[in-house]
Structure formats: structure tokens, C-alpha cells
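Structural overview for review
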Amino acid sequence: MKNSVFRIAVMPGDGIGHEVMASALEVLDAVRGKVGGFELSPEPLVAGAAAYRDTGEALSDEVFERARASDAILFGAMGLPDVRYPDGTEIAPQLDLRFRLGLYAGVRPVKALPGGFRALRDPRAEAIDLIIIRESTEGLFASRGKGVVEDDREARDTMVITRPVCERLFDFSFRLARRRKGRGGKGLVTCVDKANVFTSMAFFRKVFDDRAREHADITARHHYVDAAALDLVRKPWEFDVMVMENMFGDILSDLGAALIGGMGMAPSADVGDEHALFQPAHGSAPDIAGQGIANPIAMIQSAAMMLDWLGERHDVASCAQAAERIEAAVAKVVGDGVVRPVDLGGRDGTAAITRAVVAAL
Ligand code: ATP
């Protein structure tokens, strides 16, 4: 049978984006050698803050079109503190890609690896396995570039919640909970909102309830965002899929990352109906760039999410198996204490962690 070949747009970006991307590509190459049945054709693309500084364009039309034409986008990190647009805002092509490609579902897994880092001492924290779904194309971020300041006296940003995006987002969340239930998950979706105060949030909840009726096999619950923050620290093991507005997801997903070892351990995906982008939750970390100490695990796990998504979308079982192999290898090196990343108080840098994951494959 002919192998499936997937075109991957590879966008390392800035800072440690280059270092963790090199690591993920090495792991992808190694896993492909172990699990046949598919091939990856990576296409390196230049975009980000350094690209803006050098060429005047952070994300050229040509690069955008190539990314759009790919089967999946693998993304490092973009942005540098001293490179800004003339109005002072940061260079963030990842936000442009989310909006322009309709990547409405920001998928942020928060999973404790057995024996791995845990912020909570409670033994039940071993069982943390939740996914935050952050709406990524509207909410408060719809105001990006459109906020107003009047007479240096008053500033306003506007929250936008639309029914079509919410319906797709909630359907995505229920489908994900169903898939997880098939693998032993709780079959639970929690809508996180502030419906007791804001009209937009009451509408968000209403659309959630409408869609929940169409997914009666999955338990649907509500949680106010402030209580959700409390319970994410008090008893995060009780959650399964949590779905929320863009800004709430921005904040709570960092809280989630802290539960399992911080930004170097937090993968993510931005998924739409036609396209998907996979990147670690962290930024370009200019404070440690070029030192070889960046933790590549979040990037490697994001690459595994990409294989899982490609496998499911194109019905290529070997691709999903390769994703599982990477996840198992990461769990092994972290759980067995084979490596101790520098950001978790250890001494192992990017190259040592990459070598250990490849060996564990
Ligand atoms: P952004 O706004 O783009 O998310 P940020 O400036 O908020 O970025 P990061 O670039 O993620 O934040 O860095 C936050 C801190 O976490 C920094 O001290 C950085 O060194 C550290 N950090 C982030 N990612 C990693 C990593 N993969 N390995 C080690 N340390 C990391």
C-alpha cells in the first residue's frame, strides 16, 4: 500500500522556537523510522519578529499561502520583546494565523505524567488529565487592534461571541469528550463562563446548553470562571474537557500548565474545520534562547498531537500509533527520571532530552 505523505509547514519563529523545533523534527524523523505507513514532507517557512525586523513583514502573503496549503502547521514560538509594530504592540503571527485560518478551538491538554512533576502534593494529582478548549478567534481577543482610548480618559475593548463559532466550538468539545470516553475518560464537558454578570457570557452558556442537548451521552456542566480557577487548584482531577471564551482560556491554560511542570511541559493545538496548527504553549523565551537549555517536551508533545490529528482526519492508523509512541516515550523519560529539564530544577538541556526521547522510542 502506498504511504500517505503529509506536507508540514514548519515555522520555528523566534528565540527558543528554533531550538525546540529542531528537537521535535528529530523525534518525528525517528518515530517515522519506527512506525511506517506515512511520510512527512517538512517545508521550512520564515515568519515572526526577526523576520519583521529583517524584511518588514512578520507573515508575508507567500508564507501564509504556503502554510494554508499544507496538511498541518508545526509552529515554534514567535515574538521578541524589543521588536514591535510602530503602535507598540507585539509581533504575533500566531494570532493572525488563528484568525485567518479559522482555528477556533485552542486545545490545551493538562495531563500529569506518572512520576513526573506535580505542583500539588495531594496524591490524586497523579490523575490530572483534563483538556482546556480555549475559543481562539473571537471573545475579548476580537477587540485586538480595535480597542479605543478616548481623550486619554477612558479605554474600551469589546467582547464578541457569535452563535456559529460557539456551536462549532461546543460540538468540537463534546466530540472530544466522546473520543476520550472511548479511551476511559469521564465523558464530561464543563462550560466555564461568567453568565451571572455578562450578557455575552449568558449567551455563551445558552448556546452551550442548546448543543449539550444534541450530545446527550456526554455529561454537560457549568462553572463560573472564578470558581473554576479555585477548583483547578483544589481538585483538578475532577475535570475532563473544559470549554471557555478566549481570554478565560488564555489565563486558565497557564494555570493548568503550572499544575504539571510549567510552560516547558504544556503542548497545544489550534484546530479549525480545515486547518490546524501545533505549538508549545510557551513563547520564544528570549531570556534563555541560544543557551541550549530550553525544555523541548512541550514542542515534542505538540508534534505528537499533530500526528494524532492527521491520523484521525485522514484515517491513517499508523500516524495515530506514532503519536502514541511519542507520548509513551516522553512519559517514560519524565517518569523514570531519565531526564531532569533545567526549567524543573535539573541539568538536562534540549539536546540531552531529545536524545533520551529518541532512545525511548
Ligand atoms: P508569550 O507572551 O509569547 O507567551 P512570555 O513572554 O509570556 O511569552 P515565555 O516566552 O513562554 O513567556 O517565557 C516565560 C518564562 O518561561 C521565561 O522565563 C522562559 O525562560 C520560561 N520558559 C518558557 N518556555 C520554556 C521552555 N521550553 N524551557 C524552559 N523555560 C521556558
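No experiment lies behind these values; they were computed from the predicted model shown. (Residues numbered from 1 in each chain as written. Predicted model: local features only at pLDDT ≥ 70, side-chain atom pairs only at ≥ 80, totals over all residues. Heavy atoms only, no water.)

1. A closer look at the site of the ligand
The immediate surroundings of the ligand are formed by Ile-16, Gly-264, His-282, Gly-283, Ser-284, Ala-285, Asp-287, Ile-288, Ala-294, Asn-295 and Asp-343. Residue Ser-284 places a main-chain N or O atom 3.4 Å away from an oxygen atom belonging to the ligand. Between the ligand and Ala-285 there is a distance of 2.9 Å, counted from an oxygen atom to a backbone nitrogen or oxygen. A breakdown of the residues in the shell around the ligand according to their chemical character gives four nonpolar, five polar and two charged. (Near = heavy atom within 4 Å. Polar contact = N/O pair within 3.5 Å; in protein donor to acceptor, adjacent residues only side chain to side chain. Nonpolar A, V, L, I, M, F, W, Y, C, P; charged D, E, K, R; others polar.)

2. Comments concerning the domain arrangement of the chain
Each assigned domain of the chain is listed with its residue range as follows: domain 1 (1–103 + 270–361) and domain 2 (118–259). Computed over C-alpha atoms, the centres of domain 1 and domain 2 are 24 Å apart. Three residues, Leu-95, Arg-98 and Phe-99, lead the burial of domain 1 against domain 2; their summed loss comes to 42% of the area buried on that side. On the surface where domain 1 and domain 2 come into contact, there are four salt bridges. The shortest N-O distance in the salt bridge between Arg-168 and Asp-273 comes to 3.2 Å. Inspection of the domain 1/domain 2 interface yields four residue pairs in polar contact (both at pLDDT 80 or more). When contributions to the side of domain 1 that touches domain 2 are tallied by element, the ones reaching two or more residues are α4 (93–100), β11 (267–271) and α9 (297–314). In terms of residue count, the dominant contributor to the side of domain 1 that touches domain 2 is α4 (four residues). Residue composition of the side of domain 1 that touches domain 2, grouped by class: five nonpolar, one polar and six charged. (Domains from an automatic or database assignment. Buried area = accessible area lost by both parts, 1.4 Å probe. Salt bridge = Lys/Arg side-chain N within 4 Å of Asp/Glu carboxyl O. Helix = DSSP H or I, 4+ residues; strand = E, 2+ residues; numbered from the N terminus.)

3. Comments concerning the side chain of Asp-308
Considering the arrangement of structural elements, one finds Asp-308 in helix α9. Using a relative accessible area of 17% as the deciding quantity, one classes Asp-308 as buried. Every residue in contact with Asp-308, bar those within four places of it in the chain, is listed here: Arg-179, Arg-183, Ala-320 and Ala-323. (Buried < 20%, exposed > 50% of the residue type's maximum accessible area, 1.4 Å probe, protein only. Contact = heavy atoms within 4.5 Å.)

4. Details of the sheet that holds strand β5 (residues 129–135)
Strand order in the open sheet made by the ten strands is β2-β1-β3-β12-β11-β4-β5-β10-β8-β9, with mixed pairing throughout. Bordering the open sheet on either side are β2 (38–44) and β9 (219–224), each of which pairs with just one other strand. Sheet twist, expressed as the average angle between the axes of neighbouring strands with direction ignored, equals 25 degrees. Note that strand β4 (residues 105–111) and β11 share three bridges and pair antiparallel. Considered in β11, the bridge of Gly-106 is made with Asp-270. Lying on the sheet, α9 is in contact with β1 (4–13), β2, β3 (72–77), β4, β11 and β12 (276–280); it crosses β12 at an angle near 160 degrees. (Pairing = 2+ DSSP bridges. Axes fitted to C-alpha atoms, helices over the stretch in contact; angles between N-to-C directions.)

5. A look at the pairing of β1
Walk down a regular strand and you will see the side chains alternate between the two sheet faces. With seven of its ten residues buried, β1 lies for the most part within the structure. Both β1 and β2 contribute to a ladder of seven bridges, which runs parallel. Along β2, the bridge assignment pairs Val-10 with Pro-44. Handedness of the crossover joining β1 and β2 through helix α1 (residues 16–34): right-handed. Here five bridges tie β1 to β3, and the two strands are oriented parallel to one another. Within β3, the position partnered with Met-11 by the bridge is Phe-75. (Right-handed = clockwise from strand over helix to strand, strands pointing away.)

6. Things to note about unusual backbone geometry
Phi angles above zero are rare outside glycine, and Ala-285 is one such case at about 40 degrees. Assignment of secondary structure puts Ala-285 in the loop between β12 and α9. Of note in the backbone geometry, Asp-315 takes a positive phi value of approximately 55 degrees without being a glycine. Position of Asp-315 relative to the elements: it lies in the loop between α9 and α10 (317–335). Overall, Asp-315 belongs to the exposed group, its relative accessible area being 71%.

7. Things to note about the layout of surface pockets
Gaps between atoms show up when a probe of the same size as a water molecule is rolled over them. In this structure, the largest pocket occupies an estimated 1200 Å³ of space. As for the largest pocket, its lining consists of 41 residues, and the residues nearest its centre are Ile-131, Leu-176, Arg-179, Arg-183 and Asp-308. If you list the elements that add at least two residues to the lining of the largest pocket, you get β4, β5, α5 (163–182), β11, α9 and α10. If you tally residues by element for the lining of the largest pocket, the top one is α10, at seven residues. Partitioning the lining of the largest pocket into residue classes produces 23 nonpolar, four polar and 14 charged. Shared between two domains, the lining of the largest pocket takes at least three residues from each, and those domains are domain 1 (1–103 + 270–361) and domain 2 (118–259). In this structure, the second largest pocket occupies an estimated 580 Å³ of space. Lining the second largest pocket are 26 residues, and of these Ala-92, Gln-94, Leu-95, Arg-98 and Phe-141 lie nearest its centre. At the level of elements, α4, α8 (246–259) and β12 are the ones that each hand at least two residues to the lining of the second largest pocket. For the lining of the second largest pocket, the residue count by class is ten nonpolar, eight polar and eight charged. Three or more residues apiece are contributed to the lining of the second largest pocket by two domains, here domain 1 (1–103 + 270–361) and domain 2 (118–259). (1 Å grid on protein atoms, 1.4 Å probe; cavity = no way out; pocket = protein on both sides within 12 Å on 5 of 7 lines; lining within 4 Å. Points joined across faces, edges and corners; volume = space filled by probe spheres on them.)

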